[in-house]
Number of protein chains: 2
Amino acid sequence: METAIKELKEKAQAAKKGARQLGQLSAEVKNRALTSISAGLNSSKDEILAANEIDCREAEASGMDAAMLDRLKLTSDRLDDIARDVLSVAALPDPVGEVFDVRTLPNGLLIGRKRVPFGVIGAIYESRPNVTIDISVLCLKSGNGVILRGGKEALHSNSALASVVQKAVITAGVPGEAVQFIDNTDRVLVNHLLKMDSFVDLIIPRGGAELISFVRENAAMPVIGAGESVCHTYVDHNADINMAVEIAFNAKVQRPSVCNALDTILVHADIARSLLPVLATKWAGAGVEMHCDERALSILKADSSLKLAPATDDDWGREFLALVAAVRVVNSLDEALEHIEKYGSGADEAIVTEDYSTAMRFLNEVDAACVYVNASTRFTDGGQFGLGAEVAISTQKMHARGPIGLRELTTYKWIAFGSGQVRL
Amino acid sequence: METAIKELKEKAQAAKKGARQLGQLSAEVKNRALTSISAGLNSSKDEILAANEIDCREAEASGMDAAMLDRLKLTSDRLDDIARDVLSVAALPDPVGEVFDVRTLPNGLLIGRKRVPFGVIGAIYESRPNVTIDISVLCLKSGNGVILRGGKEALHSNSALASVVQKAVITAGVPGEAVQFIDNTDRVLVNHLLKMDSFVDLIIPRGGAELISFVRENAAMPVIGAGESVCHTYVDHNADINMAVEIAFNAKVQRPSVCNALDTILVHADIARSLLPVLATKWAGAGVEMHCDERALSILKADSSLKLAPATDDDWGREFLALVAAVRVVNSLDEALEHIEKYGSGADEAIVTEDYSTAMRFLNEVDAACVYVNASTRFTDGGQFGLGAEVAISTQKMHARGPIGLRELTTYKWIAFGSGQVRL
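Residues numbered from 1 in each chain as written. Chains lettered and ligands numbered in written order. Predicted model: local features only at pLDDT ≥ 70, side-chain atom pairs only at ≥ 80, totals over all residues.

Asker: Help me understand the sheet that holds strand β11 (residues 324-330) of chain B, please; the structure alone is not making it clear to me.
Answerer: Strand order in this open sheet of 10 strands is β1(A)-β2(A)-β16(A)-β13(B)-β12(B)-β7(B)-β8(B)-β11(B)-β9(B)-β10(B), and the pairing throughout is mixed. The two strands at the open ends of the sheet, each matched to only one other strand, are β1 (99-104) of chain A together with β10 (307-310) of chain B. The sheet shows a mean angle of 20 degrees between the axes of neighbouring strands, taken without regard to direction. By the bridge criterion, four bridges tie strand β7 (residues 232-235) of chain B to strand β8 (residues 264-268) of chain B in an arrangement that is parallel. Among the inter-strand pairings, His-232 of chain B is bridged to a residue of β8 of chain B, identified as Thr-264 of chain B. The sheet strands contacting helix α14 (residues 356-365) of chain B are β16 (410-421) of chain A together with β12 (348-352) and β13 (370-375) of chain B, and the helix crosses β13 of chain B at an angle near 160 degrees. (Pairing = 2+ DSSP bridges. Helix = DSSP H or I, 4+ residues; strand = E, 2+ residues; numbered from the N terminus. Axes fitted to C-alpha atoms, helices over the stretch in contact; angles between N-to-C directions. Contact = placed C-beta atoms within 7 Å.)

The structure is reproduced here in structure tokens:
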């Protein structure tokens, strides 16, 4: 283990050295590296798929469930998609080097903030091998060195993918040291990595809630990651019923396993009798189970085709990540706001209303990363927002909120051009 | 103690409630509160000075040293200054409500980032009572609730000042709950406060290194605070000697006890013989002691009027906060950059040079909050930078770097104006 720790430290040091050079490179050179990664994914397809085959076989033998296996699996088509995504990151504007808030002080000193990379980003992730490429590419484009530590189930796949990245960056004239892959998946090494704050500036955990909270609790450096994401949609009494049904249906059903899917629907009492039966029928058609408060239950219980259950206290503020929704009838906007304040996690919240002042109050008063009027919470996504790919969706308030794209992977420094100024 | 913990929790909850309302208030109302605080400092001068008198008498009796006593002491003039500073914060633009990065997505959804307060800021500080006003005012203006926990030596002063703030905000129509003062200075309560991340969004420690690292290690919420600040000035062989001497003199002598004062001067070997004797004589006139490497020592040792000592390994990367400077002769810009990378703390770094490419390399390659060409590092300050007052100078990379002014006390949320958009 001591050798492994020493090796890890050497890799972290090398990443820092590589990152220093990478941080100075032009968008042109960085884009060349990305294009070259994309090409490498095509030309090394056979090796990557063979490596993935080993991981999948071992995972199957160890009894991994079908959903996990599907996340682990690479195919020729999936690799094509990944390679195409790399090119789309190459096409995004480079955030590094932007100079903003420039001003000349009364003494003539010209100062401004210049956007710069963080330095080295450590990525700790689980079984999806595509993360190796996603994170490498976003870090490279934003000028950051990266240390990759994927899950042990995907070790062969990740190793093959990381090797494509490393070869490609060197071909493009980017220092290979800037991308480090940890091939020893002993958990103890993660603990050590999390303490190397003199080499690693930022940690991004990608995976389940357990991984993320482990990283948050143990990292000596800052962490950017998604917390729990409990999403509410409030249907006001002045809502367009058809619009409300479409939005709630989309928010719950379009991809139920993701963080911006609807968890709880709050319905104003005055519209509950007209809205809930329509929504419930539509949801039931997609297999949605509804955990209803008493009033919602009394409206819906006559219809035996619905999957209904009485809501328990645990249902409020719960992230379902499945075809389940909690349903509550409220008497007012204020009651909805209080519910969201109490049970929300500062992620994605929506209102459906035709009333202008109600819409504006909701936008102003809800404290969350993304607040929507008359739209599905499913839009919270770097790609949808026009930021390009994202490494995570943040529910924290510091630094960046919502999608973490290229710009959010940078910081700034003040630069000052003087001519001998001293402070009086 | 249990009652005290319960009270603390109630105060934190109340602050959150007050902050929710405060966050919605216009600049006009918040400025009225600030004006009213400034007036209150004048009209309550007698009570404040009487309270401060008690603190000073107790501190003197307990043997507090003169420098600490001076920090604790309020006078009529000092109160006038504080009251004037409050008005200057009132005159600053309000960062809250700014909407930026607005775009209409192809599906018609209008999205943008809106600048909003963090929520509740906890301030933990030591013996300087003016911090009670400084932090309250910056938090109020940026729409944040604040929980004040000052040092026990200043309890009477802080209590009198906090009461001025609380009365003034209520007069101005701001919820009084938004400003909470902890009058129990038992250290155990700080530990509890640092765990109340469901009510407190951000902690700002103001004081010595020990306090700051205690807060960093124990806070469950994000922390913004100054870390150690080791500042280098590198004098290139192409420097204007006179300018270099003036800059180094100012950076070391103008206010040696602060974080942006010079700690180490790095001098190119080709200019060392012409520069060092002039600088040393000027520094000696101000009482500066020089801890020199061998080469610097050999240049200066003949002059017995200088206060010289051989530098030890501990002198590199040391924040002196006193009239002491470490001096090292280097052979090149690269050697200077390596020294700064190894020993710097990411605070304030300067180069003096007439060579354009050298200046640009230094600006680009030094990884620090503020990087200067041909100017004193003493300029790192919210007021000097035109940001207005600051609560701290950050050496961290997340969220904000350098002076933490009003805008840096805010975050943003995404707001989206839809017309029924759902994700395809």
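Asker: Is there a simple way to explain unusual backbone geometry in this structure?
Answerer: Negative phi is the rule for most residues except glycine; trans is the rule for most peptide bonds. Backbone geometry places Asp-101 of chain A, a non-glycine residue, at a positive phi of 55 degrees. With respect to the secondary-structure elements, Asp-101 of chain A resides in strand β1.

Asker: Hey, could you run me through helix α10 (residues 241-253) of chain A in this one?
Answerer: Counting along an α-helix, one turn takes 3.6 residues, and residues three or four places apart therefore face a common direction. All names here are of chain A. Relative to the 18 Å expected for 13 residues at 1.5 Å per residue, α10 spans 18 Å between its end C-alpha atoms, a close match to the ideal helical length. For α10, a buried count of 10 out of 13 residues is recorded, marking the element as mostly surrounded by other parts of the structure. If you check which residues of α10 are buried, you get Met-243, Ala-244, Val-245, Ile-247, Ala-248, Phe-249, Asn-250, Ala-251, Lys-252 and Val-253. (Expected span 1.5 Å × (residues − 1). Buried ≥ 20, exposed ≤ 12 C-beta atoms within 10 Å, placed from the backbone.)

Asker: Sorry, what's going on with the relation of the copies chain B and chain A here?
Answerer: Copies of the same chain, two in number, are related to each other by a rotation about an axis and a translation along it. Laying chain B over chain A is done by rotating through 180 degrees and shifting 0.0 Å along the axis; what remains is an RMSD of 0.0 Å. The relationship between the two copies is best expressed as a two-fold rotation axis. No C-alpha of chain B approaches the rotation axis more nearly than that of His-399 of chain B, which lies at 1.8 Å. Take the interface residues of chain B: 100% of them recur as interface residues in chain A, which is what a same-surface contact looks like. (Least-squares fit on C-alpha atoms with pLDDT ≥ 70 in both.)

Asker: So what exactly am I meant to see when it comes to the packing of helix α2 (residues 27-43) of chain B against helix α7 (residues 155-171) of chain B here?
Answerer: The description of two helices packed together rests on the angle between their axes and the distance between the axes. Residue and element names in this part refer to chain B. Axis separation between α2 and α7 bottoms out at 8 Å; the angle between their running directions is 135 degrees. In terms of orientation, α2 and α7 fall into the oblique class. Crossing angle aside, the handedness with which α2 passes α7 is right-handed. Packed against α2, whose contacting residues are Ala-33, Ser-36, Ile-37, Gly-40 and Leu-41, the element α7 presents Val-164, Val-165, Lys-167, Ala-168, Val-169 and Thr-171 at the interface. Here the residues of the contact of α2 with α7 are counted per class, giving seven nonpolar, three polar and one charged. (Parallel < 35°, antiparallel > 145°, perpendicular 65-115°, else oblique. Left-handed = near helix turned anticlockwise from the far one by under 90°. Nonpolar A, V, L, I, M, F, W, Y, C, P; charged D, E, K, R; others polar.)

Asker: What am I meant to see in the interface of chain B and chain A here?
Answerer: With 50 residues of chain B at the interface, the matching set in chain A holds 50 residues. For the side of chain B that touches chain A, the secondary-structure elements that each account for two or more residues are α10 (241-253), α14, β13 and β16 (410-421) of chain B. In terms of residues, the side of chain B that touches chain A owes the most to one element, β16 of chain B, which gives 11 residues. Here the residues of the side of chain B that touches chain A sort into 24 nonpolar, 16 polar and 10 charged.

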